[in-house]
Amino acid sequence: MMTPLQGIVAGQTQSKFEQYHEHQANRPKSFKREHIAFQRLTDVTQVILHHAFWLAEQKKQLSLRDYKQLLLEHGWQGEEKRYLKIAAAFAKFSPQDVAQVEPRTIYQLAENSKKYEQVINRLLDLSIINQESVRSLIKKQRPAKIAEYKNEKPSIWRRTKNGGRYCQIPPIHEPSEQTGMTLQRMMDEEGLSAQHIVAEAIALRQAYKQGQLVHTANQV
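Conventions we followed
Residues numbered from 1 in each chain as written. Predicted model: local features only at pLDDT ≥ 70, side-chain atom pairs only at ≥ 80, totals over all residues. Heavy atoms only, no water. Helix = DSSP H or I, 4+ residues; strand = E, 2+ residues; numbered from the N terminus. Buried < 20%, exposed > 50% of the residue type's maximum accessible area, 1.4 Å probe, protein only. Contact = heavy atoms within 4.5 Å. Areas by Shrake-Rupley, 256 points an atom, 1.4 Å probe, with all protein chains shown as cover. Core = buried A, V, L, I, M, F, W, Y, C linked by side-chain atoms within 4.5 Å. Salt bridge = Lys/Arg side-chain N within 4 Å of Asp/Glu carboxyl O. pLDDT = per-residue confidence, 0-100. Arc of directions from axis to C-beta.

Lay out the overall build of the protein with the relevant residues and their values.
Counting its regular elements, the protein contains 9 helices and 2 strands. The linear arrangement of helices and strands in the protein, starting from the amino end, is α-α-α-α-α-α-α-β-β-α-α. Taking all 220 residues of the protein together, the buried fraction comes to 20%. Sequence-distant contacts in the protein: of pairs separated by 6 or more residues, those separated by 24 or more amount to 55%. Total accessible area on the protein is roughly 18,000 Å²; 55% of this is exposed by carbon and sulfur atoms.

Listed below in structure tokens is the structure:
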């Protein structure tokens, strides 16, 4: 049997319940569609994290042969790498922790985990992790990276896949385009490559700097 007090509480609860649903029913349809759309995006982020953690666990538990077979059966050979990166980058988080971060940003942070290591670590200190807070941390990191880049010593060396290296001269911007036109003319007239001509020019300059060549004025 319900006491008068219980009846009052039940009545109040029912009233609040009805008021809530009445409020939801009166909201514009566009609001409902937007809410559902953002909720689905949140669900996608969580699914990505869940799958990444599951895949990393399978790689850890299964033999190499069974793991490769698992990927082969689902047509995922080579595709699993980005998800393993996600699992490694967000190992200290649960899917719910970063659910408010849109999927593309999750991939961005994981694919460049070394670059964004400070950003990911600072997320651990936030009470609420969402798209805005992540973007804010990324923007704050950029000025420091730009300053660090400006202080680096310029280098023309680039690495090849086999560990070797080659030099690459940066683009030459001149209003008169004199260097480019002269180099092109030499290539056309002499049938030599740009690399060959540049190498000769550098060798001549080096010889001049070492005193092996002497500049003389034209004599009449």
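Lay out the nonpolar core with the relevant residues and their values.
The biggest cluster of nonpolar side chains holds 27 residues, and the ones touching the most others in it are I86, F90, V98 and L109. Put simply, the parts of the chain that give this core at least two residues each are α2 (29-61), α3 (64-73), α4 (81-89), α5 (103-111), α6 (117-123) and α7 (131-151). The greatest single-element share of this core, amounting to 5 residues, is contributed by α4.

Give a detailed account of the side chain of S133, specifying residues and quantitative values.
As for its position among the elements, S133 is in helix α7. In contact with S133, not counting residues within four places along its chain, are L126 and I128.

Before we move on, can you summarise the pattern of salt bridges with the specific residues and values?
Counting across every chain of the model gives 1 salt bridge. In this structure, the salt-bridge partner of K85 is E111, at a minimum N-O distance of 3.4 Å. With K85 in helix α4 and E111 in helix α5, this residue pair connects regions lying 26 residues apart in the sequence. Take K85: its relative accessible area is 39%, and that puts it in the partly exposed class.

Which residues make up the confidence of the model for the protein, and what values go with them?
In this model, the protein carries an average pLDDT of 79, and 75% of its residues clear a pLDDT of 70 or more. The low-confidence segment residues 1-21 (pLDDT under 50) makes 2 contacts with residues lying over four places distant or belonging to another chain.

I'd love a proper account of α3, names of residues and values included.
Among the residues making up α3, those that are buried are Y67, L70 and L71. Buried residues of α3, seen end-on, are gathered within an arc of 95 degrees and therefore sit on one face of the element. The exposed set on the far side of α3, more than 90 degrees from its buried face, consists of R65 and E73.

Report on unusual backbone geometry, specifying residues and quantitative values.
Phi is positive for E177, which is not a glycine, with a value near 60 degrees. With respect to the secondary-structure elements, E177 resides in the loop between β2 (165-167) and α8 (178-190).

Run through the side chain of E80, naming residues and quoting values.
Relative to the helices and strands, E80 resides in the loop between α3 and α4. Not counting residues within four places of it along the chain, the set of residues in contact with E80 comprises L55, Y67 and L71.

Explain the environment of A99 residue by residue, including any values.
In this fold, A99 is placed in the loop between α4 and α5. If near-sequence neighbours (up to four positions away) are discounted, A99 is found in contact with T42, T45 and Q46.

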